[in-house]
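Residues per chain, in single letters:
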2 protein chains.
Amino acid sequence: MTIRSVAIIGLGLLGGSIGLAIREKLSEVTTTGFDADADVRGRATANGLVGAVCDTAAQAVASADLVILCVPVGAMGDAARGLAGCLKEGAIVSDVGSSKRSVVSALEEALPDAIVIPAHPVAGTERSGPDAGFATLFEGRWCILTPPKNADTDAVSALTLFWQELGATVELMDPDHHDLVLAVTSHIPHLIAYTIVGTASDLEDVTRGEVIKYSAGGFRDFTRIAASDPVMWRDVFLNNRDAVLEMLGRFTEDLTAMQRAIRDGDGDRLLEIFSRTRAIRQAILEQGQDVAKPDFGRGSKEV
Amino acid sequence: MTIRSVAIIGLGLLGGSIGLAIREKLSEVTTTGFDADADVRGRATANGLVGAVCDTAAQAVASADLVILCVPVGAMGDAARGLAGCLKEGAIVSDVGSSKRSVVSALEEALPDAIVIPAHPVAGTERSGPDAGFATLFEGRWCILTPPKNADTDAVSALTLFWQELGATVELMDPDHHDLVLAVTSHIPHLIAYTIVGTASDLEDVTRGEVIKYSAGGFRDFTRIAASDPVMWRDVFLNNRDAVLEMLGRFTEDLTAMQRAIRDGDGDRLLEIFSRTRAIRQAILEQGQDVAKPDFGRGSKEV
Ligand SMILES: NC(=O)c1ccc[n+]([C@@H]2O[C@H](COP(=O)([O-])OP(=O)(O)OC[C@H]3O[C@@H](n4cnc5c(N)ncnc54)[C@H](OP(=O)(O)O)[C@@H]3O)[C@@H](O)[C@H]2O)c1
Ligand SMILES: NC(=O)c1ccc[n+]([C@@H]2O[C@H](COP(=O)([O-])OP(=O)(O)OC[C@H]3O[C@@H](n4cnc5c(N)ncnc54)[C@H](OP(=O)(O)O)[C@@H]3O)[C@@H](O)[C@H]2O)c1
């Protein structure tokens, strides 16, 4: 099957970036879009995120070969229910949600007769909304598909090709395993960042002004992550509770061991722990998932 | 007093950056340098980090108006003892150590008759060694001086001017307060980053390959911080133990509250916590301590 038209439901960072990427890389594909928020629809029109911004979800999906839900994971069920009876025959329904088990269930329950192939492009920034998107967001990133066991293989192939054309590399995964992997590589890092930024803003002995001034020592990197959209992240933690709690338990154990090594003045142990972590960094650089510019060219002129 | 010559002891990231910054911004000032490691001395010569790389610390400091110790905080005492009896009359001895209380004691004990004005430029990257430095490292950053109560005011003024000329803004602070502030803005973020990267590399259910592949979801930012020099950070944690343990206690309390909110499915509480942290990010951007480029221009073409 060939995807000739794509409907995007939710025109924020992810939805907008998909729209812009299609315009740039798949110019023969037409796009429509809908967002529950009228202001967002206005911005999406102004920014040309999709070819036509529609006033209802039903209109947006009416002739789409592929429908992508780009709303917070907690809103997937609602958004999908709004499409029941409106989809074109044979249309693929997909999404970009950051957790997958609960989204798979919500979509399958809301649209029992549709071809549902959930997906998660592992690409983002801390910004959200209809002005945050850009066409290159998915380049060199991974997109994980979690098709059901009996999935239509043509549909999986078509969706795989679609994401490849936006610049991503596609991997298939079981939704439960996805949720465990992303708990480690994304959800726990966000949870920790939100926590430390919260801790730092509530101290009596150190003022907020001091925290802000001296943030270049490492803290500012956490504030970037902790500036991510609160609704999106609330939904991720509510929807991936078990995997997040499991990984948090392991992290806490390791943190306690670290605390003990510091209290005991055990320099050898600290050195051993701090030395092990460089290998992972090296591999991330080699695989192109980050760059080694000092300071990311932030404050300095050297890049 | 006027600083006409600077001796740099320890020619790694900090020492090298100071040397390069002086050459670029204070071309009339001469520089000498020494490093305990002969290979580092060779690289420093090749990179032109200072005007003359000397074979002994005594030679390097013999005619210096300002001596800056740029070695790990645990090596400050040793490095300072090596200078006893070698300093020029009236020379200022300073440093760049990331913790200050223990460094102040070590320097004053090793050099009881010298003019000691400890300092900490809050600027760095995760790289270390004689090839990592660059002249703009200190531009737009803060440099904290922790002069003793009876400090020579001329010396404090001269050192203040020196750091300003390298591009930094100078602030005076009590060493204990410095150690508490930096525990929050730098030491705890590094400790947490080392811990989560360690946790992620030791899982059975999620492979290292998966952690590396899907690191763009947030994890990669922690790996950058956790790639910092192990010796430097071991020394920081051994030398700022009390403040680090105090701040770690608060962080752990907040993390436990977060864990409970997730376990209870308390979305309102999560939303409230996640919403509070954006204000700090905004202030950091406004004060120029970070930039808001999406992805820092890492993977994407848009900057
Ligand atoms: N941000 C990232 O880094 C990232 C990365 C990978 C995946 N994701 C996933 O991508 C999805 C979207 O995230 P985002 O960052 O693009 O969020 P966003 O910028 O906030 O955009 C989401 C948009 O969806 C709208 N919306 C909410 N419920 C809706 C509904 N029932 N029907 C139509 N529109 C609705 C929202 O409107 P209102 O503002 O009025 O609610 C908002 O405009 C989430 O599932 C998230 O987990 C995000
Ligand atoms: N990196 C940062 O982001 C940052 C930021 C602000 C402040 N600081 C502080 O700056 C200082 C230096 O850090 P850095 O990142 O520049 O480290 P670095 O790149 O590892 O450089 C330190 C150099 O000092 C040498 N050294 C060790 N003991 C010595 C001694 N007794 N005499 C002479 N040389 C000696 C080391 O040689 P060997 O390799 O043989 O040990 C090494 O070449 C530390 O106190 C750190 O806390 C660092």
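Residues numbered from 1 in each chain as written. Chains lettered and ligands numbered in written order. Predicted model: local features only at pLDDT ≥ 70, side-chain atom pairs only at ≥ 80, totals over all residues. Heavy atoms only, no water.

Looking at an unreviewed UniProt entry, one finds chain A named prephenate dehydrogenase, with Alteripontixanthobacter maritimus as its source organism. According to the UniProt record, the Pathway (unreviewed entry) comment for chain A reads "Amino-acid biosynthesis; L-tyrosine biosynthesis; (4-hydroxyphenyl)pyruvate from prephenate (NAD(+) route): step 1/1." Recorded in UniProt for chain A, the comment headed Sequence similarities (unreviewed entry) runs: "Belongs to the prephenate/arogenate dehydrogenase family." (UniProt positions renumbered as here; feature names shortened; annotations may be inferred.)

Q: Please provide a residue-by-residue account of the side chain of Ser-94 of chain B, values included.
A: Residues and elements named next belong to chain B. Turning to its location among the elements, Ser-94 is positioned in strand β5 (residues 92–95). Of the polar contacts made by the side chain of Ser-94, one reaches the backbone oxygen of Ile-117; its length is 2.6 Å. Setting aside its immediate chain neighbours within four residues, Ser-94 contacts Leu-66, Val-67, Ile-68, Leu-69, Ile-117, Pro-118, Ala-119 and Leu-159. (Helix = DSSP H or I, 4+ residues; strand = E, 2+ residues; numbered from the N terminus. Polar contact = N/O pair within 3.5 Å; in protein donor to acceptor, adjacent residues only side chain to side chain. Contact = heavy atoms within 4.5 Å.)

Q: Summarise the domain arrangement of chain A; cite the residues concerned and give the values.
A: Residue and element names in this part refer to chain A. Looking at the assigned domains, one finds that chain A contains domain 1 (5–173) and domain 2 (177–291). Once you take the C-alpha centre of each, domain 1 and domain 2 turn out to be 30 Å apart. Facing the 19 residues of domain 1 at the interface are 17 residues of domain 2. Interface of domain 1 and domain 2: buried area, both sides summed, is about 1,400 Å²; carbon and sulfur atoms make up 57% of it. When the buried area of domain 1 at its contact with domain 2 is split by residue, Ser-98, Glu-126 and Met-173 rank highest and sum to 36% of it. Counting across the domain 1 and domain 2 interface gives one salt bridge. A salt bridge links Arg-224 to Glu-126, with the shortest nitrogen-to-oxygen separation between them at 2.9 Å. Put simply, domain 1 and domain 2 have nine residue pairs in polar contact (both at pLDDT 80 or more) between them. Of all the secondary-structure elements, those providing two or more residues to the side of domain 1 that touches domain 2 are α5 (101–110), β7 (119–122) and β8 (142–145). Within the side of domain 1 that touches domain 2, the residues separate by chemical class into seven nonpolar, eight polar and four charged. (Domains from an automatic or database assignment. Buried area = accessible area lost by both parts, 1.4 Å probe. Salt bridge = Lys/Arg side-chain N within 4 Å of Asp/Glu carboxyl O. Nonpolar A, V, L, I, M, F, W, Y, C, P; charged D, E, K, R; others polar.)

Q: Got a sec to walk through the relation of the copies chain B and chain A? Specific residues and values, please.
A: Copies of the same chain, two in number, are related to each other by a rotation about an axis and a translation along it. Rotating chain B by 180° and translating it 0.0 Å along the rotation axis places it on chain A, where the RMSD comes to 0.0 Å. Considering both components of the superposition, the chain copies are consistent with a two-fold axis. The fraction of interface residues of chain B whose copies in chain A are also interface residues reaches 100%, indicating that both copies meet through the same surface. (Least-squares fit on C-alpha atoms with pLDDT ≥ 70 in both.)

Q: Hey, could you go over the UniProt feature "domain: Prephenate/arogenate dehydrogenase" (unreviewed entry) in chain A for me, with residue numbers and the actual values?
A: UniProt records the feature "domain: Prephenate/arogenate dehydrogenase" (unreviewed entry) at residues 4–292 of chain A, using the numbering of this structure. End C-alpha atoms of residues 4–292 of chain A are separated by 39 Å, and the span's content is 52% helix alongside 12% strand.

Q: Before we move on, could you go through the packing of aromatic side chains and cite the residues and values that matter?
A: Per the counting criterion, the structure on display carries 13 aromatic pairs over all chains. Measuring from centroid to centroid gives 5.9 Å for Tyr-214 of chain A and Trp-142 of chain B, while their planes differ by 80°, and the two rings are edge-to-face. One end of the pair, Tyr-214 of chain A, is in the loop between α8 (208–213) and α9 (219–225); the other, Trp-142 of chain B, is in strand β8 (residues 142–145), on a second chain. Here Tyr-214 of chain A and Trp-142 of chain B have matching classes, each one buried. (Phe/Tyr/Trp six-rings, centres within 6.5 Å; stacked < 30°, edge-to-face > 60°. Buried < 20%, exposed > 50% of the residue type's maximum accessible area, 1.4 Å probe, protein only.)

Q: Could you give an account of the interface of chain B and chain A, naming the residues involved and the relevant values?
A: Chain B puts 110 residues into the contact, and the matching count from chain A is 111 residues. Buried surface at the junction of chain B and chain A, summed over both partners, amounts to about 10,900 Å²; 65% is from carbon and sulfur atoms. Among the ionic pairs, Glu-204 of chain A bridges to Arg-250 of chain B, the shortest N-O distance being 3.4 Å. For the side of chain B that touches chain A, the element with the most residues is helix α7 (residues 175–201) of chain B, which contributes 19 residues. Taken together, the residues of the side of chain B that touches chain A break down into 50 nonpolar, 28 polar and 32 charged.

Q: Give a description of the pattern of salt bridges that names residues and reports values.
A: For the structure shown, the criterion picks out 31 salt bridges over all chains. As a salt-bridge pair, Lys-88 of chain A and Asp-65 of chain A come within 2.7 Å of each other at their nearest N and O atoms. With a gap of 23 residues between them, Lys-88 of chain A in the loop between α4 (76–81) and β5 (92–95) and Asp-65 of chain A in the loop between α3 (57–61) and β4 (66–69) connect regions that are remote in the sequence. Taking the relative accessible area as the measure of exposure, Lys-88 of chain A reaches 34% and is therefore partly exposed. Among the salt bridges present, the one from Lys-100 of chain A reaches Asp-95 of chain A, with a minimum N-O distance of 2.9 Å. For the pair shown, Lys-100 of chain A and Asp-95 of chain A are each scored as buried. It is possible to trace a salt-bridge network through shared partners that takes in Glu-246 and Arg-250 of chain A together with Glu-204 and Asp-205 of chain B.

Q: Can you tell me about the site of ligand 1, naming the residues and giving the values?
A: Residue and element names in this part refer to chain A. Around ligand 1, a shell composed of 28 residues is seen, among which Leu-14, Asp-35, Val-71, Ser-98 and Gly-129 lie nearest. At a separation of 2.7 Å, an oxygen atom of ligand 1 approaches a polar side-chain atom of Asp-35. The fraction of the free accessible surface of ligand 1 (890 Å²) that becomes covered by protein chains is 81%. At the level of secondary structure, the elements contributing two or more residues to the shell around ligand 1 comprise α1 (13–25), α4 and β7. Grouping the amino acids of the shell around ligand 1 by side-chain chemistry returns 17 nonpolar, nine polar and two charged. (Near = heavy atom within 4 Å. Areas by Shrake-Rupley, 256 points an atom, 1.4 Å probe, with all protein chains shown as cover.)

Q: So what's going on with the site of ligand 2? Which residues, and what values?
A: Residues and elements named next belong to chain B. Of all residues adjacent to ligand 2, which total 28 residues, the nearest are Leu-14, Asp-35, Val-71, Ser-98 and Gly-129. Within the backbone of Leu-14, an N or O atom sits 2.8 Å from an oxygen atom of ligand 2. One of the backbone nitrogen or oxygen atoms of Ala-36 is found 3.1 Å away from a nitrogen atom of ligand 2. Surface burial for ligand 2 is 82%, taken as the share of its 900 Å² of free accessible area covered by protein chains. Every element with two or more residues in the shell around ligand 2 is listed here: α1 (13–25), α4 (76–81) and β7 (119–122).

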